[in-house]
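Fold and contact review
This is what each chain is made of:
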Amino acid sequence: MATSLPHPTTPAGRDGLAAILARPEGTVVALDFDGTLADIVSDPEAARAHAGAVPALAALAPRVASVVVVTGRPAGVAVRNGGFAGAAGLEGLVVLGHYGAERWDAATGTVRAAPVHPGVAAVRAELPGFLDRAGAWPGVWIEEKGRAVAVHTRRAADPEGAFEALKGPLAGLAADHGLVLEPGRMVLELRPPGVDKGVALASYVRETGAGAVLYAGDDLGDLPAFAAVEKLRSDGTPGLLVCSDSGEVPELSDRADLSVPGPAGVVDLLTALGEAVRGV
């Protein structure tokens, strides 16, 4: 049974989908990982791509210009947790990790990376004592991300209270070391400035010369990518903005052309898109 292709709710989104369907071979399909291709879980190390993600991407990828995963995770971790390496049909897949500071190409199986910002090491060393003095324990924990450090509050007794209490102090700590604070879904990430999903996506679209773009994300960190697609649209490149909707991030769903119910909905969308362009 064919999967029904959902209808965008905005004129720009309808134009974007029409352009993708008319010329899939000129389209970049770009996707966040956590919350978009994989469900959010309390332990990020346990996150894995939805069971249907790789089959849906593998069916779609040969019919579009490129499929790219844009994530704040290290590229290698996204490749491992996604099950992307060696997947038939994904020989041209690209993963932009750490907001574009790392790049993995399936064609070579290698990661290219920019130098690590020195402020990350300094923050990494200070964070345990900083959180202890802030009275953040127990339940709040640190995720080591290589080129960034993240503080999670989802396991705390009061996740939202801990998130709000730490946001200001952690922004100050980040600034002290030349970093920026990126809030997410019960997570606060300290990372270098000047890199975000919007910068990474815009650069990749320029590199590929795409005539249309689809971007799907779920969190505040995806807002720069949404802005990049909006800028591309204003410059004449059609685009479709998709929210993997959790109900937790209205700032994203309110700007989306199309909202789907989490990673399962994203997989259904990718499956339907693959079926729709199969005969083009």
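Everything in this summary refers to the structure shown in the same document. (Residues numbered from 1 in each chain as written. Predicted model: local features only at pLDDT ≥ 70, side-chain atom pairs only at ≥ 80, totals over all residues. Heavy atoms only, no water.)

1. Comments concerning the layout of surface pockets
Counted as a void, the largest pocket has a volume near 170 Å³. Looking at the largest pocket, the residues that line it are Phe163, Lys167, Pro183, Gly184, Arg185, Met186, Asp219, Leu220, Glu248, Val249, Pro250 and Glu251. Those elements giving two or more residues to the lining of the largest pocket turn out to be helix 5 (159-176) and helix 8 (250-253). Tallied by class, the residues present in the lining of the largest pocket amount to six nonpolar, one polar and five charged. (1 Å grid on protein atoms, 1.4 Å probe; cavity = no way out; pocket = protein on both sides within 12 Å on 5 of 7 lines; lining within 4 Å. Points joined across faces, edges and corners; volume = space filled by probe spheres on them. Helix = DSSP H or I, 4+ residues; strand = E, 2+ residues; numbered from the N terminus. Nonpolar A, V, L, I, M, F, W, Y, C, P; charged D, E, K, R; others polar.)

2. Notes on the sheet that holds strand 9 (residues 187-191)
If you walk across this open sheet you meet the four strands as 6-7-9-8, and the pairing is antiparallel. Single-partner strands in this sheet number two, and they are strand 6 (141-144) and strand 8 (180-183). Pairwise comparison of adjacent strand axes, ignoring direction, gives a mean angle of 25° for this sheet. Sheet analysis places strand 6 next to strand 7 (residues 149-152), joined by four bridges and oriented antiparallel. Within strand 7, the residue paired with Trp141 across the bridge is His152. Strands in contact with helix 4 (residues 118-133) are strand 6, strand 7 and strand 9; relative to strand 7, the strand with the most contacts, it is inclined by about 25°. Sheet strands touched by helix 5: strand 7, strand 8 and strand 9. Its angle to strand 9, the strand with the most contacts, is close to 0°. (Pairing = 2+ DSSP bridges. Axes fitted to C-alpha atoms, helices over the stretch in contact; angles between N-to-C directions. Contact = heavy atoms within 4.5 Å.)

3. Considering the packing of helix 6 (residues 197-208) against helix 7 (residues 223-234)
Each packed pair of helices is defined by two parameters, the angle between the axes and the distance between the axes. The geometry of helix 6 relative to helix 7 is characterised by a closest axis approach of 6 Å and an angle of 40° between their N-to-C directions. Relative to helix 7, helix 6 is oriented oblique. Here helix 6 runs over helix 7; the crossing is right-handed. Residues Lys197, Gly198, Leu201, Ala202 and Val205 of helix 6 form the contact with helix 7, whose own contacting residues are Pro224, Ala225, Ala228, Val229 and Leu232. (Parallel < 35°, antiparallel > 145°, perpendicular 65-115°, else oblique. Left-handed = near helix turned anticlockwise from the far one by under 90°.)

Keep in mind these values describe shape, not function.
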